[in-house]
Amino acid sequence: MMNLSYRNYTSATAFDQVLTLLHYINLSIIKNSLKLNQKTHGRILILGLSQNSFLATKLISAYSAFGNLTDSMLVFQMFNHKNVYLWNTLINGYVRNSEYSKAFEYFKQMCCCCDDYTLATMAKVSGEMGNLVAGKLVHGMSLRVGFDSDIVVSNSLMSMYSKCSSFGDCRKVFDEMPQRNVGSWSVFLAGYVGFGKQSFDQELLGLIKCMQIDGMKPDGFTISSILPLCGIDSRKWPDYGGELHCYILRNGLSFDVHLGCCLIDMYSKSGRIFEGRRVFDQMRSRNVYTWTSIINGYTKNGDSDEALSLFHEMQVKDGIEPNRVTLLSVLPACNSHGCLRIGKQIHGFVVRKVLNCNVSLSNALIDMYSKCGSLDLARRVFEDESFCKDAISWTSMISGYGLHGKGKEALSLYSKLVLHGISLDTITVVGILSACGRSGLIDEGLKIFDSVVNDHGIKPTVEICACVVDMLGRSGQLDRALDFIEGMPVKPGPSVWGALVSASVIHGNTKMQELAYRFLIEIEPENPSNFISISNLYASSEQWDVVADVRTKMRESGMKKEPGCSWININSTTHCFYVADKTHPCSYSIYEMLENLKFVMKGSNQSSSDNESFQT
């Protein structure tokens, strides 16, 4: 009896030791302490428990969490009888650290002892890599070992095929599933949405109805998958986004951060930023992604003041630090209102957080400085060696030079771009041609146009052709511009005829202006600006009957033009002015100054005329 009691005591002690060691490994992960984990590992070796599968699995997982994959592998190799859980933990560690190639290497070594968890993990990895061949290898393995009917594996395979742009295979897996759950339908619908869909249509609505007939109710993941297709003008299409929002509220779905961000983004895309703000204000918990969504929404909808205000509130009120995407969302707001001071502060934050090596942020800073009038600072960012410049970097700087009328500098930079062997795209070509047009470098611009078409094989787009028309028009070659339009390889769009209109106005060619406006009205029958402009054109030549007809058409169509607006930023405050606007508190002084400027300008013009007469 004593021997039995002693054996029970010894067994209980070993069990307690394992529990204590597991507790310390867990504690090291919670406290993010690699040192504590290493000490616990040493204690395991001293106690001779290195072959305990529970401890070995937990050690591998802990070392992976710390990014220490070498020690993770050592624990794995020291274990004599490796089971499927040990293999899965090792592979998952490499996946967590984005070491996908290594994960596949050990998956192949694992051979046929894999289980459903292994196959689901490797299917996910294949999708993240965008490697369809590897994904089909995993699919083949699941068929061989008999896990093809497992719901989790099938869901992972569908997700993989969708991410690898093979929706046909995704559909095949879905159709062959003997059983489906809500996740299966959600993954399938997400793949369907990602497969080139532009809007919420009847076919997608039919699939959702089939899901409900199948006894499955859409959950938060399902709704968030299809919300991106609802960001369209609800005046032209049914308000599916609003209906989905109501469904979320009626069914009491968990209003998590991801779903909230999707709703904010949907309302922002459809121009209903106030409804997006209502969603934002109702969210109980917010993180950097939520704030980024609403800031981006206001920026995209042209409310730069509110975007910048929210950017400040995010940091001061909620104490949330912006990430790279937040900065990319708020920088265009600085462009819109010329907020150079705020742009510089954001740049300082980027440097302090060592984010200046990020090419997207550097490109956005170049664009911001150029549009805020600080070309020197834009050039300084461009010449910074801390980031690897791409085609967008060069294009942003070329466009900046063009915006400031520095065509020769733009041409010089373009020549360097070509010498570096950087492949040209449509945006780069538009940037350099616009720069040539603004600077009057017509011959150089036309040579570049011929070169990109004949030497670089770039097909002329509507945007590129519009730049050529603008170049020719600005130089007064209106007939040549019209001949170019008639010989274009693509159908002229609004930008092409708009460029001809602008040139006709500059050079006072009313016949060409009328012709261009007629084409614009034909292409854009719902744009009130075109009708107003052609009405003014006829009014200037006193063709009042034609003016009356144009105005009647506008009234019958219910068209109304929004008034134009100018703005200026002084001491961090943006002042907006509309036509004949007298709402500004300093409007009397402003108009008085304008009258004085008119007088001075008229006096200057009169002096110039007198000098010319005297010289004659």
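The rules behind each value
Residues numbered from 1 in each chain as written. Predicted model: local features only at pLDDT ≥ 70, side-chain atom pairs only at ≥ 80, totals over all residues. Heavy atoms only, no water. Helix = DSSP H or I, 4+ residues; strand = E, 2+ residues; numbered from the N terminus. Buried < 20%, exposed > 50% of the residue type's maximum accessible area, 1.4 Å probe, protein only. Contact = heavy atoms within 4.5 Å. pLDDT = per-residue confidence, 0-100. Salt bridge = Lys/Arg side-chain N within 4 Å of Asp/Glu carboxyl O. Expected span 1.5 Å × (residues − 1). Polar contact = N/O pair within 3.5 Å; in protein donor to acceptor, adjacent residues only side chain to side chain. Core = buried A, V, L, I, M, F, W, Y, C linked by side-chain atoms within 4.5 Å.

Quick word on the overall build of the protein
- Tallying secondary structure elements over the protein gives 33 helices and two strands in all.
- The buried share of the protein, reckoned over its 616 residues, is 42%.
- If you take every contact in the protein between residues at least 6 apart in sequence, the share linking residues at least 24 apart comes to 58%.

What to know about the confidence of the model for the protein
- When the pLDDT values of the protein are averaged, the result is 82; 84% of them are 70 or greater.
- Within the model, the stretch residues 1–12 combines pLDDT values under 50 with zero contacts to residues more than four positions away or in other chains.

Quick notes on the environment of Leu-263
- With respect to the helices, strands and loops of the structure, Leu-263 is situated in helix α15 (residues 257–269).
- Ignoring anything within four residues of it in the chain, the contact list for Leu-263 reads Leu-227, His-245, Ile-248, Phe-255 and Val-279.

A short note on the pattern of salt bridges
- Counting across every chain of the model gives 13 salt bridges.
- Across the pair Arg-379 and Glu-383 runs a salt bridge whose closest N-O atoms are separated by 2.7 Å.
- For Arg-518, the salt bridge goes to Glu-514, with nearest N and O atoms at 3.6 Å. Of this pair, Arg-518 and Glu-514 both sit in helix α30 (residues 510–523), four residues apart, which is roughly one turn of the helix.
- On the accessibility criterion, Glu-514 (26% relative accessible area) is partly exposed.
- Each of Arg-277, Asp-281 and Glu-306 takes part in salt bridges that share partners, so that together they form one network.

Observations regarding helix α5 (residues 84–96)
- Taking 1.5 Å as the rise per residue, α5 with 13 residues should run 18 Å; its terminal C-alpha atoms sit 18 Å apart, in good agreement.
- Burial within α5 is extensive, with 10 of its 13 residues counted as buried.
- Along α5, the residues that are buried comprise Val-84, Leu-86, Trp-87, Asn-88, Thr-89, Leu-90, Ile-91, Gly-93, Tyr-94 and Val-95.
- Of the surrounding secondary structure, the elements contacted by the buried residues of α5 are α3 (53–65), α4 (69–78), α6 (100–110) and α7 (116–129).
- In this structure Asn-83 caps α5, since a side-chain oxygen of it lies 3.2 Å from the backbone nitrogen of Tyr-85.
- In the stretch just after α5, Ser-98 is the one whose phi turns positive, near 60 degrees.

Focus: the nonpolar core
- In terms of nonpolar packing, the biggest core is built from 157 residues, with Ile-346, Leu-433 and Leu-500 touching the most fellow members.
- When residues in this core are grouped by element, the largest group, eight residues, is from helix α27 (residues 462–474).
- Among all residues touching Leu-500, those that are not within four sequence positions of it are Val-469, Leu-478, Ala-481, Leu-482, Ile-485, Met-512 and Ala-516.

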